[in-house]
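Tertiary structure, described
Here is what each chain is made of, one letter per residue.
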Amino acid sequence: MIPAAFEYSRAHSVTEAVAQLREAGPEAKVIAGGQSLLPMMRMRLARPAHLVDVNAVRELDYVRVEDGHLRVGAMTRHVTLARSEVVQRHLPLLAEMASEVGDAQIRSRGTLGGVMAHADAAGDYPTLATMLDAMIVTDRRRIAAGDFFQHLFTTPLDLDELVCEVVFPVAAGPRRYLKFRRRLFDWAIVGAGVQRTEAGWRVGLTHVGPTPVRARGVEAALASGATPVEAAAHASDGLEPTSDVRATADFRLHLARVLTRRALEQAA
Ligand SMILES: Cc1cc2nc3c(=O)[nH]c(=O)nc-3n(C[C@H](O)[C@H](O)[C@H](O)COP(=O)(O)OP(=O)(O)OC[C@H]3O[C@@H](n4cnc5c(N)ncnc54)[C@H](O)[C@@H]3O)c2cc1C
């Protein structure tokens, strides 16, 4: 389907983007890579009256390491994350996740900031951000990942607020992220990520509820010396996933345990 009619403006800086959003009013939306927004507009699930295009905001396209943190600009595309030597060296799990997002076209256009702001339950980076306590930096504040993903497609962002950066702690120890999906380019039916940090294992789950989940039961079990098999049995503790056309709730719980065990066993 063809999207409903909309006005369009192009911003060249963060200041300009926020000003354009304010001027266009509450029916305006940012467009970044367009890989989630445009399909929703074509299906008429989204009908923004005005799109503020941030693709020319070059100041939001960067990857750098500062004070033990990897700082990534919101307009950094999946393909850049996957290929960046800085990301591969300082947070390789992020590069590995990026290399498995959608297909080549989606990876060439989609952005880190777009995934965070969209807050789809099946998004991969929100899980990494949640398990590592990353910080989402906007044009006006810093929001901890644990407070950012409030519900499905729901964040605390104001209508005229722009995600500018995501700040991850660096972590280059053993790690693995596994997705269960029917086809290579599909979203995760369920995903599980593990990362060894200086403070111990961090474990996160994708698409087992409306928001990403930090599997604290698994982390605690590992800290007490449990084996991967024993620890992964806790991956479904406290989860209440829903059933949909892709998986029943029980299957999702099963996948959470199995993928967590495999991720721990394969972590390198
Ligand atoms: C077939 C398919 C498979 C996919 N598979 C995966 C997958 O496996 N894993 C995964 O994580 N993602 C997947 N995606 C989604 C993809 O990663 C998108 O790129 C991403 O969800 C949105 O990023 P975008 O830059 O395209 O944002 P857009 O589509 O442009 O925007 C999405 C939403 O975020 C808002 N937004 C965008 N940028 C900002 C910003 N800087 N500040 C504030 N709001 C902003 C927009 O207003 C809009 O509401 C898939 C998409 C498709 C179509």
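Residues numbered from 1 in each chain as written. Predicted model: local features only at pLDDT ≥ 70, side-chain atom pairs only at ≥ 80, totals over all residues. Heavy atoms only, no water.

Things to note about helix H12 (residues 249-266)
The α-helix winds at 3.6 residues per turn, so residues separated by three or four positions along the chain end up facing the same way. As a reminder, the rule being used: Numbering goes from the N terminus for both helices and strands, where a helix is a DSSP run of H or I of at least four residues and a strand is a run of E of at least two. For a helix, the expected span equals 1.5 Å multiplied by the residue count minus one. Burial here depends on accessible area, computed with a 1.4 Å probe over protein chains only, as a share of the maximum for the residue type. Under 20% is buried, over 50% is exposed, and the range in between is partly exposed. Two residues qualify as a contact provided that any one of their heavy atoms is within 4.5 Å of a heavy atom in the partner residue.
The terminal C-alpha atoms of H12, which comprises 18 residues, lie 25 Å apart, in line with the 26 Å expected from a rise of 1.5 Å per residue. Burial in H12 covers these residues: Ala-249, Arg-252, Leu-253, Leu-255, Ala-256, Val-258, Leu-259, Thr-260, Ala-263 and Leu-264. Where the residues of H12 are buried, they touch strand S9 (175-180), strand S10 (190-197), strand S11 (200-206), helix H10 (216-223) and helix H11 (228-232).

Some points on the side chain of Asp-53
Note the cut-off: Polar contact is defined as a pair of N or O atoms within 3.5 Å, subject to the rule that within protein one atom must be able to donate a hydrogen and the other to accept it, and that residues adjacent in sequence are counted only when both atoms are side-chain atoms.
Inspection of the secondary structure puts Asp-53 in strand S3 (residues 50-53). Overall, the relative accessible area of 7% leaves Asp-53 in the buried class. A distance of 3.2 Å separates polar atoms of two side chains, one belonging to Asp-53 and the other to Arg-10. At a separation of 2.8 Å, a polar atom in the side chain of Asp-53 contacts the side chain of Asn-55. Dropping the residues within four chain positions of it, Asp-53 is found in contact with Tyr-8, Ser-9, Arg-10, Ala-11 and Ile-31.

Let's talk about unusual backbone geometry
Within the chain, Ala-119 stands out as a residue other than glycine whose phi angle is a positive 55 degrees. On the secondary structure map, Ala-119 appears in the loop between helix H7 (112-118) and helix H8 (125-131). Positive phi is not limited to glycine here, since Phe-153 has a value of about 55 degrees. Tracing the sequence through the fold places Phe-153 in the loop between helix H9 (145-148) and strand S8 (163-169). You can call Phe-153 partly exposed: its relative accessible area is 42%.

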